[in-house]
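A closer look at the structure
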Amino acid sequence: MRFEFATAARIIFGPGSVAELGPLARVIGRRAFVVTGRDKIRHAGVINDLEGAGLGCTLFGVPGEPTVDLVREGTNLFRASGCELLIAIGGGSAIDGGKAIAALAANPGDVLDYLEVIGKGQPLSNTPFPMIAVPTTAGTGAEVTRNAVLGSPVQRVKASLRSPMMLPRIAIVDPQLTVGLSPAVTASTGLDALTQLIEPYVCLKANPVTDAFCLDGLRAVKRSLVTAYENGMDAAARAGMSYASLLGGLALANAGLGVVHGFAAPIGGMFNAPHGAVCAAILPYGMAANIRALRTREPEGGALDRYREIARILTDDRDAMPEDGEAWVSQLVQRLRIPSLSSYGIGPQHVPDIVAKAASASSMKANPVTLSDDELKWILESAI
């Protein structure tokens, strides 16, 4: 057995923990580059607290999923600002954008020198500027991952900027920051978290450390997601989903993903479709295809037993079979009113191109069984 585990240098979890942000940042530097999401006003109180702690702040907004051009803009602004650290407050898009800017501002050249797939994929030569990540959604776990996913509208693709050095210096996970999220955002981000607990657990790169995170995270989703969706003010449910999201990030960063994220990458590059909503729409069909393929081609393999354990946790039935877990997830997706992929303009005419791109996606390499093009086509057509 051989595996490694790496994460943020420090993780602080708990209601009200965002109050520690200013004093912690002030130890690192006097001027902070603050990356926020679309709604800067929502974080005005946090920014006031930073300034009250004696930090000068330069603000930069990431209004949607970060693109190559947006990160270039942010990198140039950071370099001109004289900032000593970066603070990212927001969902996965803001945190990914922040990680990329912190890395590129400390390294020479252009983002395409370091980006995978459409760039040169060079390793970072210099340590990124210190970064503090503060998630305000419960889904991506980006506060503890070592990559940033960037879109390129020209090539209609998403690619990762990736390095162990990109792990944040500090991750502050305060569930109170997720109170007030709409039911739709709660649903899509929550199902993203669920996907990122299922896929690392069944993937080819699973290890005992990530297994423990995945199983505990699944229990948290089981008891928290529906309540958070139906009553967004429920503090216990919000804390449960923030915890599940954190565990999913820890797991995926140190194990792998699978077919759902294999599809999500090309779809996110080709269409204006939120990552979490795409994962949610595909998840039950990805599970179903994997379970069928495992039963047919690897019935004695360990992955089928792992799907059985997922089903036991989600259904509270010790005799549950893998298919029962898939049925539970399918019912959850319907209960949370997740739209089909067709709502983002994806139709049958796009299936061959998306399937071809998904088959070669990096996330697909860790899927527990190799799926045929026909199986991939079935997944995508079912989600449309």
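Refer to the structure printed above.
Predicted model only: the values in this text are computed from it and were never measured. (Residues numbered from 1 in each chain as written. Predicted model: local features only at pLDDT ≥ 70, side-chain atom pairs only at ≥ 80, totals over all residues. Heavy atoms only, no water.)

**Some thoughts on the layout of surface pockets**
- Each pocket or cavity is described by its volume, and for the second largest pocket that value is around 160 Å³.
- What lines the second largest pocket is a set of 13 residues, among which P128, F129, M165, L167 and R169 lie closest to the centre.
- Its residues placed into classes, the lining of the second largest pocket shows 10 nonpolar, one polar and two charged. (1 Å grid on protein atoms, 1.4 Å probe; cavity = no way out; pocket = protein on both sides within 12 Å on 5 of 7 lines; lining within 4 Å. Points joined across faces, edges and corners; volume = space filled by probe spheres on them. Nonpolar A, V, L, I, M, F, W, Y, C, P; charged D, E, K, R; others polar.)

**Examining helix α3 (residues 68–81)**
- End to end, α3 covers 20 Å across 14 residues, agreeing with the expected 20 Å (1.5 Å per residue, within 8%).
- Looking at α3, one finds that the buried residues are V68, L70, V71, G74, T75, F78 and S81. Along the long axis of α3, the arc covered by the buried residues comes to 155 degrees, so they all point the same way. Seen from the buried face of α3, the exposed residues on the opposite side, beyond 90 degrees, are D69 and A80.
- With its phi angle positive at about 75 degrees, G82 sits one or two positions after the end of α3. (Helix = DSSP H or I, 4+ residues; strand = E, 2+ residues; numbered from the N terminus. Expected span 1.5 Å × (residues − 1). Buried < 20%, exposed > 50% of the residue type's maximum accessible area, 1.4 Å probe, protein only. Arc of directions from axis to C-beta.)

**Considering the nonpolar core**
- Formed by 75 residues in total, the largest nonpolar core has its most connected members in L194, F263 and I267.
- Discounting residues that sit within four places of it in the chain, F263 has contacts with I282, I354, V355, A358, L376, I379 and L380.
- In this structure, L70, L104, L115 and M166 belong to the second largest nonpolar core, which totals 31 residues. (Core = buried A, V, L, I, M, F, W, Y, C linked by side-chain atoms within 4.5 Å. Contact = heavy atoms within 4.5 Å.)

**Focus on the pairing of strand β2 (residues 31–36)**
- Among the six residues in β2, five count as buried, and that is most of the element.
- In this sheet, strand β3 (residues 56–61) lies alongside β2 in parallel orientation, the contact comprising six bridges. Within β3, the residue paired with F33 across the bridge is T58.
- Sheet analysis places β2 next to strand β4 (residues 85–90), joined by five bridges and oriented parallel. Its bridge partner being in β4, V35 is matched across the sheet by A88. (Pairing = 2+ DSSP bridges.)

**Notes on helix α7 (residues 235–254)**
- Helix length check: α7 (20 residues) gives 29 Å between terminal C-alpha atoms against 28 Å at 1.5 Å per residue, within 8%.
- Its side-chain oxygen 3.1 Å from the backbone nitrogen of A236, D234 forms the N-cap of α7. (Polar contact = N/O pair within 3.5 Å; in protein donor to acceptor, adjacent residues only side chain to side chain.)

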